[in-house]
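# Structure at a glance
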Amino acid sequence: MTFGQKIKRYAAAMGLALALASPAAAQDSTWGRVTQGGKLRVSGIPNEAPYYIKDRKTGEWSGIFIEMGRDMAKGLGVQLEVVETGSWGTAVLDLQSGKTDVHFGQNPSPAKGKVLHFSNPVHINTFNTICRNVESKTWADLNRPEVRIAVDGGSAHEMITKRNAPKASITVYKTRDEVILAVVSNKADCMVMTPLLGLDALKKNPGLGKMSVPAPVVFTDSCVATVPQADKRMMEFINVWVAYHRGMGQVRTWLVEGLEKIGIEPTSIPSEVQF
């Protein structure tokens, strides 16, 4: 029996167990909404290539996390539905309000842990900088009041920057596009983000600056998030899905192919970066 067949049997068994529960319990459970409703709702953030890409003409979604979502939905035997959201921060609010079922690419923190349930790590995010006229070989280079750093609000970029360069002049913007514009227009000297996002930004804006991975290297886990609830079956399934695809090397394949689809060769990835 293949893994896909096993996972479908697992989903079917879970769905049957839930069908025997009360209607109210089913409605309150992410597992119940997904398996009984026949769709998995995931967040989609426009202009966050290579993770999320929305075609402006067709409205079609693609990108690394969309591919992961499609595969997860297939394993559950349901359809994928992408729900557009404004930013990484609003994706958390969408989960809490019930607009979405899961969100890919969330970085755990104690504060988020109060309101979200995180899967085992899907991959590791190493943080880099892109700077103009400022050295960023170390975080100490950036941790000065005269260094202006732009970050997108509610993201791990903001959390990491405030933790490692608290003395810098940090400006929080709503979106990554606004962060890039701040550096381009000389309102900021530097921005902090993950390498995959940084490589996309440099491809679109070659004169943006120089990418580096400041020492000491800082990283965090990239996870799938859901809302906490008594019914643990959705997160149990997600962790099985994560373990299988990490062990088989499929996660790295999704990451590398996601870069290649936007014209970035894997050799461009800094040597310090690990997945």
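See the structure shown above.
In what follows, the accompanying structure is described. Model, not experiment: these values are computed from the prediction. (Residues numbered from 1 in each chain as written. Predicted model: local features only at pLDDT ≥ 70, side-chain atom pairs only at ≥ 80, totals over all residues. Heavy atoms only, no water.)

### Considerations on the sheet that holds strand 8 (residues 128-131)
- Taken together, the five strands give an open sheet; going across it, the order is 10-9-11-8-12, and neighbouring strands pair in mixed fashion. For this open sheet the edge positions go to strand 10 (169-173) and strand 12 (210-212), each flanked by a neighbour on one side alone. Mean inter-strand twist for the sheet, computed between neighbouring axes without regard to direction, equals 25°.
- Of the pairings in the sheet, the one linking strand 9 (residues 148-152) to strand 10 comprises five bridges and is parallel in character. Bridge pairing in strand 10 links A150 to T171. (Pairing = 2+ DSSP bridges. Helix = DSSP H or I, 4+ residues; strand = E, 2+ residues; numbered from the N terminus. Axes fitted to C-alpha atoms, helices over the stretch in contact; angles between N-to-C directions.)

### A few points about the side chain of Q106
- Relative to the elements of secondary structure, Q106 occurs in strand 5 (residues 103-106).
- From its side chain, Q106 meets the backbone oxygen of W88 in a polar contact 3.4 Å long.
- At 2.8 Å, the side chain of Q106 forms a polar contact with the side chain of K112.
- Ignoring sequence-local partners within four residues, the contact set of Q106 consists of W88, A91, V92, K112, F118, D221, S222, C223 and A225. (Polar contact = N/O pair within 3.5 Å; in protein donor to acceptor, adjacent residues only side chain to side chain. Contact = heavy atoms within 4.5 Å.)

### Side note on helix 4 (residues 64-76)
- With 13 residues, helix 4 should reach 18 Å at 1.5 Å per residue; the first-to-last C-alpha distance of 19 Å fits that figure.
- Regarding helix 4, the residues found buried are I64, F65, I66, M68, G69, M72, A73, G75 and L76.
- Just downstream of helix 4, G77 is the residue with a positive phi angle, here 75°. (Expected span 1.5 Å × (residues − 1). Buried < 20%, exposed > 50% of the residue type's maximum accessible area, 1.4 Å probe, protein only.)

### Considering the state of the cysteines
- All chains considered together, the criterion is met by one disulfide.
- For C131, the disulfide goes to C190, at an S-S distance of 2.2 Å. With C131 in strand 8 and C190 in strand 11 (residues 190-193), this residue pair connects regions lying 59 residues apart in the sequence.
- Classification of C131 by relative accessible area gives buried; the value is 5%.
- Relative accessible area serves as the criterion here: at 0%, C190 is assigned to the buried category. (Disulfide = S-S within 2.5 Å.)

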